[in-house]
Amino acid sequence: MAEAGGQPPQQGAASEYAVAAGADLAVRAEQLGPNLVALQVEGELDMLTSPTLADRVREHFAADGGALVVDMTRVSFLGSAGLAVLAEAAGLAAAHATELRVIATTTAVLRPLEVTGLDERVHTCDSMATAIGQLMR
Amino acid sequence: MAEAGGQPPQQGAASEYAVAAGADLAVRAEQLGPNLVALQVEGELDMLTSPTLADRVREHFAADGGALVVDMTRVSFLGSAGLAVLAEAAGLAAAHATELRVIATTTAVLRPLEVTGLDERVHTCDSMATAIGQLMR
Amino acid sequence: MSEHEPVSEEQSFSTDAEIRLRAELNHLPIVRSVAATIAIREDFDLDTVEDVKLAVDEMCSTLIVRARPGSVLSCKFQVSEGVIRLLAAVDSDSDQPIDQHSFGWRVLRTLTDSVTTWLSEEGTDARRLHIELVKADGLDGAG
Amino acid sequence: MSEHEPVSEEQSFSTDAEIRLRAELNHLPIVRSVAATIAIREDFDLDTVEDVKLAVDEMCSTLIVRARPGSVLSCKFQVSEGVIRLLAAVDSDSDQPIDQHSFGWRVLRTLTDSVTTWLSEEGTDARRLHIELVKADGLDGAG
Ligand SMILES: Nc1ncnc2c1ncn2[C@@H]1O[C@H](COP(=O)(O)OP(=O)(O)O)[C@@H](O)[C@H]1O
Ligand SMILES: Nc1ncnc2c1ncn2[C@@H]1O[C@H](COP(=O)(O)OP(=O)(O)O)[C@@H](O)[C@H]1O
């Protein structure tokens, strides 16, 4: 259906290096530190859109990008395809001896993590500040 | 479908005298002053639910209740049946030589008022404070 | 005039999505949410999304109150290049067309780029009442 | 075992609402919004509304990726007394039933009170793949 999507990227203090937008999903990467990247995810993670996030996660670890924070605050739907991406990200982080944090604050994100028990395999935080605090220690 | 509905009424400073709740619409009346009543409307105003609001509006004017503020801040849909209630309320207020204010802040409410030109016949305000300020002068 | 010329024959309407429900007013929120989801996916602006919800609500309300008790409302959506076409129908016992001077119908005309209604005979004493409308992004229609 | 015994025959499923769309993944948001609207109208709690969205999404995704190209997905809703039943189907070219050991299917089982799938033969080389599920308010299913 529609082509465009996502909000225009916000100009933040951190350097931005990419924007990927589908009709229903936008993923924006921010370099937070030398070995710390955040992916800001906005939209719905279903079987159609999740491969976009999977690509970004794999790119990050393939490039040895360090610790990764996936900010899911503005994700309005998280289906099994999106959960599988988070499970894969946890596996890749472990394989690269680095860390993954997932920021989850809404029912739309917390509920699927809880129902599948994935919240026991993926380290979630309730804010970016908490995640950064833990990773920069 | 469902029977219950609406939030439990909030306890405010003003006296509450009634709660009407359908599956999709709740109307709560607050006596703001000797000749000033507010109807807090929450939910969707379509062909099924609008008669509930119409009844409350007619009761108010039939009892010579004075000026009326209809707070539409938490109305998420306003169809032609709901618009007709507001038009009727404006007519009843004029017939009783009193005032009507409609608090409208969202696209869901402002757009239908604008598209039908009803905003020229119904006096809208952007907050309860503004409405009360005008009516207590 | 119990018959109107349809803008497009039902046969030539290429359906992207169809919702079918018992013709009851308590189903209106379902049709509105389908319409809103489709309009949002088409990147319609906020006002136009609201217009589409208003139009589909008015169209379906108008049909539901004229439907044969227990009959099914069908509402079909066709979307392409910033234009939504809607075609809805119910079985009806009446041979009266819709009053096009009512407040509701005037609202429907204001909200859309075009709106048409017609009755079709489907065998002996079976009638179907139809409404078709077209709404493009960012246009106020006749309003 | 290319055939499973359905929990209820399609014929005995009393439909309150049906949505029909071309079997394409980009239509998933429409089915989710219908499911959410129905669950909200039933006064399901927030977690259960989310579960219903997840279940309908999983069910329809599973069918869409197995659908004959160009075919139509049908998803029917039946609601009564705090229980939602869903019955969805597509035409399929394959005679393989759905793998019930996949992650997606395990999620579907966790989310619902019951879930069943079966293939039906509809004449020579026409097959229909079905999923039926039941979800009650406030229950985590098997989870
Ligand atoms: N321009 C308008 N804006 C808002 N409401 C209106 C307008 N015209 C009529 N109404 C209201 O709509 C209701 C029905 O109006 P009417 O034109 O008789 O339509 P109908 O034939 O659908 O009943 C009345 O209560 C009237 O107050
Ligand atoms: N318990 C689980 N929670 C979350 N993700 C899981 C879980 N089990 C498997 N996955 C992820 O789901 C994906 C597919 O898993 P798998 O069990 O092989 O199912 P499928 O057969 O559907 O591919 C894999 O990427 C895996 O990381």
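Residues numbered from 1 in each chain as written. Chains lettered and ligands numbered in written order. Predicted model: local features only at pLDDT ≥ 70, side-chain atom pairs only at ≥ 80, totals over all residues. Heavy atoms only, no water.

On average, chain A scores 86 in pLDDT, and the residues at 70 or more come to 83%. In this model residues 1-22 of chain A is a low-confidence stretch, pLDDT under 50, and it forms 52 contacts with partners more than four residues away in sequence or in other chains. (pLDDT = per-residue confidence, 0-100. Contact = heavy atoms within 4.5 Å.)

Next up on the list: the interface of chain D and chain A. Each partner contributes residues to the interface: chain D has 23 residues there, and chain A has 19 residues. Of the roughly 1,800 Å² buried between chain D and chain A on both sides combined, carbon and sulfur atoms contribute 64%. Taken together, the connections running from chain D to chain A amount to four salt bridges. Note that Glu44(A) and Arg32(D) form a salt bridge whose closest N and O atoms lie 3.1 Å from each other. Counting across the interface, chain D meets chain A through four residue pairs in polar contact (both at pLDDT 80 or more). Those elements giving two or more residues to the side of chain D that touches chain A turn out to be helix 1 (28-41), helix 2 (46-64) and helix 3 (103-111) of chain D. (Buried area = accessible area lost by both parts, 1.4 Å probe. Salt bridge = Lys/Arg side-chain N within 4 Å of Asp/Glu carboxyl O. Polar contact = N/O pair within 3.5 Å; in protein donor to acceptor, adjacent residues only side chain to side chain. Helix = DSSP H or I, 4+ residues; strand = E, 2+ residues; numbered from the N terminus.)

Near ligand 2, the surroundings consist of Ala84(A), Ala87(A), Leu118(A), Arg121(A), Ser102(D), Phe103(D) and Arg106(D). Looking at what sits near ligand 2, you find residues from chains A and D. A distance of 3.4 Å is found between a nitrogen atom of ligand 2 and a side-chain nitrogen or oxygen belonging to Arg106(D). Coverage of ligand 2 by the protein chains reaches 55% of its 540 Å² of free accessible surface. Looking at the shell around ligand 2, the elements that each hand over two or more residues are helix 2 (80-95) of chain A together with helix 3 of chain D. Grouping the constituent residues of the shell around ligand 2 by class yields four nonpolar, one polar and two charged. (Near = heavy atom within 4 Å. Areas by Shrake-Rupley, 256 points an atom, 1.4 Å probe, with all protein chains shown as cover. Nonpolar A, V, L, I, M, F, W, Y, C, P; charged D, E, K, R; others polar.)

Here we take up the side chain of Ser120(D). All names here are of chain D. Position of Ser120 relative to the elements: it lies in strand 4 (residues 114-121). You can call Ser120 buried: its relative accessible area is 15%. A distance of 2.8 Å separates a polar atom in the side chain of Ser120 from a polar atom in the side chain of His130. (Buried < 20%, exposed > 50% of the residue type's maximum accessible area, 1.4 Å probe, protein only.)

A full pass over the atoms with the stated rule returns zero aromatic pairs over all chains. We note Arg32(C) situated over the ring of Phe77(B); from NZ or CZ to the ring centre the distance is 4.1 Å. (Phe/Tyr/Trp six-rings, centres within 6.5 Å; stacked < 30°, edge-to-face > 60°. Lys NZ or Arg CZ within 6 Å of the ring centre and 35° of its normal.)

Ranked by size, the top nonpolar core spans 88 residues in total, and within it Phe77(C), Ile19(D) and Phe77(D) carry the most contacts. Each residue touching Ile19(D), except ones within four places of it in the same chain, is listed here: Glu18(C), Ile19(C), Val34(C), Ile30(D), Val31(D), Val34(D), Leu73(D), Ser74(D), Cys75(D) and Phe77(D). (Core = buried A, V, L, I, M, F, W, Y, C linked by side-chain atoms within 4.5 Å.)

Quick look at the environment of His27(D) now. All names here are of chain D. Relative to the elements of secondary structure, His27 occurs in the loop between strand 1 (17-22) and helix 1. When its relative accessible area of 3% is taken as the criterion, His27 is described as buried. For the pair formed by His27 and Arg106, sequence separation is 79 residues and the distance between their alpha carbons is 23 Å. From its side chain, His27 meets the backbone oxygen of Arg22 in a polar contact 2.8 Å long.

The next point concerns the site of ligand 1. Near ligand 1, the surroundings consist of Ala84(B), Ala87(B), Leu118(B), Arg121(B), Ser102(C), Phe103(C) and Arg106(C). Neighbouring residues of ligand 1 are distributed over chains B and C. Taking Phe103(C), its main chain carries an N or O atom lying 2.8 Å from an oxygen atom of ligand 1. Here a nitrogen atom of ligand 1 and a side-chain polar atom of Arg106(C) are 3.3 Å apart. In the complex, 55% of the free accessible area of ligand 1, which totals 540 Å², lies under the protein chains. Elements represented by at least two residues in the shell around ligand 1 include exactly helix 2 (80-95) of chain B together with helix 3 (103-111) of chain C. Taken together, the residues of the shell around ligand 1 break down into four nonpolar, one polar and two charged.

To continue, consider the packing of helix 1 (residues 50-62) of chain A against helix 2 of chain A. Residues and elements named next belong to chain A. Across the interface, helix 1 lies against helix 2 with an axial gap of 9 Å and an inter-helix angle of 5°. With respect to helix 2, the axis of helix 1 lies roughly parallel. Contact residues: helix 1 offers Ser50, Leu53, Ala54, Val57, Arg58 and Phe61, while helix 2 offers Ala81, Gly82, Val85, Glu88, Ala89, Leu92 and Ala93. (Axes fitted to C-alpha atoms, helices over the stretch in contact; angles between N-to-C directions. Parallel < 35°, antiparallel > 145°, perpendicular 65-115°, else oblique.)

This paragraph deals with helix 3 of chain C. Every buried residue belonging to helix 3 of chain C is among Gly104(C), Trp105(C), Val107(C), Leu108(C), Thr110(C) and Leu111(C), and all of these are buried. Of the surrounding secondary structure, the elements contacted by the buried residues of helix 3 of chain C are helix 2 and helix 3 (107-115) of chain B together with helix 2 (46-64), strand 4 (114-121) and strand 5 (127-136) of chain C.

Glancing now at the sheet that holds strand 2 (residues 72-80) of chain D. Spatially, 4(C)-5(C)-3(C)-2(C)-1(C)-1(D)-2(D)-3(D)-5(D)-4(D) is the arrangement adopted by the ten strands of the open sheet, whose pairing is antiparallel. One side of each edge strand has no neighbouring strand; the edge strands of this open sheet are strand 4 of chain C together with strand 4 of chain D. Pairwise comparison of adjacent strand axes, ignoring direction, gives a mean angle of 15° for this sheet. Alignment of strand 4 of chain C against strand 5 of chain C, held across eight bridges, turns out to be antiparallel. In the strand pairing of strand 5 of chain C, Thr117(C) is matched with Ile131(C). On top of the sheet, helix 3 of chain D reaches strand 4 and strand 5 (127-136) of chain D; it is set at about 125° to strand 4 of chain D, its chief contact. (Pairing = 2+ DSSP bridges.)

This part takes up unusual backbone geometry. Although it is not a glycine, Asp64(A) adopts a positive phi angle of roughly 50°. With respect to the helices, strands and loops of the structure, Asp64(A) is situated in the loop between helix 1 and strand 4 (67-78). According to the relative accessible area criterion, Asp64(A) is exposed, its value standing at 57%. Its identity as a non-glycine residue notwithstanding, Glu81(C) has a phi of 45°, on the positive side. Along the chain, Glu81(C) turns up in the loop between strand 2 (72-80) and strand 3 (83-92). Of the residues examined, Glu81(C) reaches a relative accessible area of 78% and is grouped as exposed.

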